[in-house]
Amino acid sequence: MTPFQAALLGLVQGLSEFLPISSSGHLVLGQALLGVRTRDITFEVIVHFGTLLAVVTALRERVWALLRGCFKQDAAARRMVLALGIGTVPAAAVGILFKDALEAVFSSPAAASGWLVVTGAVLWSTRFRKGDRQEVRVWDAVCIGAAQAFAILPGISRSGITISTGLWRGMDGREAAAFSFLLSIPVILGATVLKMGELAAHPPARGTLASLVVGMLAAYGAGVVAIRWLLALLRGGRLDRFAYYCWAVGLMGLAVFWR
């Protein structure tokens, strides 16, 4: 993978991680179209780390308030941290138990295309859902966490399915989005730490390392833009409008890669 290809894929990752159009699905399709072949999901994990940094940057006031609230024993902050912990468990369990199977799935552009069509249907289902609740309850965290676990499949948008679940639970769209973005931090951080251990044991070549860094930085910049844009859209816009894009890309991908 060249640095140019890494930068292009990093931009795709950063935008599609937070917009409800599936970053993993776009990475799989992008690699297939560019002719990039990777032996594992190292690049995916590293550019996801770039988007984690984007979350911390774009929501830094919210992240700092949570950390400060926990140290000051603030009840609201502790409830939110507990909700984030509950929501993290399903995806962490799936990632650990089915790591090898998931890496195989990440090599199939046809599967990613099919799941993009499913993502479109999930987004469309929120067409008439408008919640206004700001509080994140325990069952919200359980349901959103289960949805995030399902989103490990390439083509299922993590932000799309988690925000949609929050809307179906009656949550305000911007609050559901903020919880979704915060929920990505422990999962992405855990995956990155595991992969960093492997990279430390088997360091990549200098050219490969440069491409990983370029991809991570591109994902970071695009991620900050995407978070701010989506939060602005959710003030009055509808999540279902992204369904058409997911359907178009998914159906075109099936037409090209189905064998």
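Residues numbered from 1 in each chain as written. Predicted model: local features only at pLDDT ≥ 70, side-chain atom pairs only at ≥ 80, totals over all residues. Heavy atoms only, no water.

Asks: What should I look at first to understand the overall build of the chain in this one?
Replies: On a plain count of helices and strands, the chain comes out with twelve helices and zero strands. Taken from N to C terminus, the helices and strands of the chain fall in the order α-α-α-α-α-α-α-α-α-α-α-α. The C-alpha radius of gyration computed for the chain amounts to 18 Å, which stays within 12% of the reference 18 Å derived for 259 residues, consistent with globular compactness. Projecting the C-alpha coordinates of the chain onto the three principal axes gives extents of approximately 50 × 40 × 35 Å. By residue count, 49% of the 259 residues in the chain fall in the buried class. Summarising the internal contacts of the chain: among those between residues at least 6 apart in sequence, 84% fall at separations of at least 24. As displayed, the chain has an accessible area near 12,600 Å², and 68% of this comes from carbon and sulfur atoms. Both charge centroids of the chain, one from 24 positive and one from 14 negative side chains, sit 4 Å from each other. (Helix = DSSP H or I, 4+ residues; strand = E, 2+ residues; numbered from the N terminus. Rg over C-alpha atoms; globule rule 2.2 N^0.38 Å. Buried < 20%, exposed > 50% of the residue type's maximum accessible area, 1.4 Å probe, protein only. Contact = heavy atoms within 4.5 Å. Areas by Shrake-Rupley, 256 points an atom, 1.4 Å probe, with all protein chains shown as cover. Lys, Arg positive; Asp, Glu negative; His and termini not counted. Charge placed at Lys NZ, Arg CZ, Asp CG, Glu CD.)

Asks: Quick question: what am I supposed to make of the side chain of Thr165 here?
Replies: As for its placement among the helices and strands, Thr165 is situated in helix H9 (residues 158-168). When sequence neighbours within four positions are dropped, the list of residues in contact with Thr165 reads Cys143, Ile144 and Ala147.

Asks: Would you mind showing me how to read helix H4 (residues 60-71) here?
Replies: For an α-helix, 3.6 residues make a turn, and residues three or four places apart therefore share a direction. Helix length check: H4 (twelve residues) gives 17 Å between terminal C-alpha atoms against 16 Å at 1.5 Å per residue, within 8%. Where H4 terminates, the next one or two residues include Gln73, which has phi positive at roughly 60°. (Expected span 1.5 Å × (residues − 1).)

Asks: So what exactly am I meant to see when it comes to a nonpolar patch on the surface here?
Replies: On the surface, Phe4, Leu8 and Leu34 cluster together into a nonpolar patch covering about 290 Å² of accessible area. In this structure, Phe4 sits in helix H1 (residues 3-18). The class for Phe4 is exposed, based on a relative accessible area of 64%. (Patch = residues over 30% accessible without salt bridge, like charges linked within 9 Å, V, L, I, M, F, W, Y side chains within 5 Å. Salt bridge = Lys/Arg side-chain N within 4 Å of Asp/Glu carboxyl O.)

Asks: What is the right way to look at the packing of H1 against helix H3 (residues 42-58) in this model?
Replies: The packing of two helices is summarised by the inter-axis angle and the distance between the axes. Packing of H1 against H3 brings their axes to within 10 Å, and their N-to-C directions diverge by 55°. As summarised for this structure, H1 and H3 are arranged oblique, according to the angle between their axes. Crossing handedness for the pair H1 and H3: right-handed. When H1 is examined against H3, the residues Ala6, Leu9, Gly10, Gln13, Gly14, Glu17 and Phe18 are found in contact with a partner set consisting of Phe43, Val47, His48, Thr51, Ala54 and Val55. In terms of residue class, the contact of H1 with H3 is built from seven nonpolar, five polar and one charged. (Axes fitted to C-alpha atoms, helices over the stretch in contact; angles between N-to-C directions. Parallel < 35°, antiparallel > 145°, perpendicular 65-115°, else oblique. Left-handed = near helix turned anticlockwise from the far one by under 90°. Nonpolar A, V, L, I, M, F, W, Y, C, P; charged D, E, K, R; others polar.)

Asks: Help me understand the environment of Asp172, please; the structure alone is not making it clear to me.
Replies: By the element assignment, Asp172 lies in the loop between H9 and helix H10 (173-201). In sequence terms Asp172 and Lys130 are 42 residues apart; their C-alpha atoms lie 7.1 Å from each other.

Asks: Before we go on, may I ask you to explain the packing of aromatic side chains in this structure?
Replies: Between two aromatic rings, the relevant description is the distance of the centres plus the angle of the planes. Under the defined criterion, the tally for this structure stands at five aromatic pairs. Aromatic side chains Trp124 and Trp247 sit 6.1 Å apart centroid to centroid with 45° between the ring planes, which places their arrangement in the tilted category. Here the residue Trp124 occupies a position in helix H7 (residues 109-124), and Trp247 occupies one in helix H12 (residues 243-257), the gap between them amounting to 123 residues. Overall, the relative accessible area of 27% leaves Trp247 in the partly exposed class. Taken together, a centroid distance of 6.0 Å and an interplanar angle of 85° make the contact between Tyr244 and Trp247 edge-to-face. With Tyr244 and Trp247 both in helix H12 and three residues apart, this pair spans about one turn of that helix. Given the relative accessible area of 45%, Tyr244 is considered partly exposed. Connected via pairs of aromatic rings, a cluster forms that spans Trp124, Tyr244 and Trp247. (Phe/Tyr/Trp six-rings, centres within 6.5 Å; stacked < 30°, edge-to-face > 60°.)

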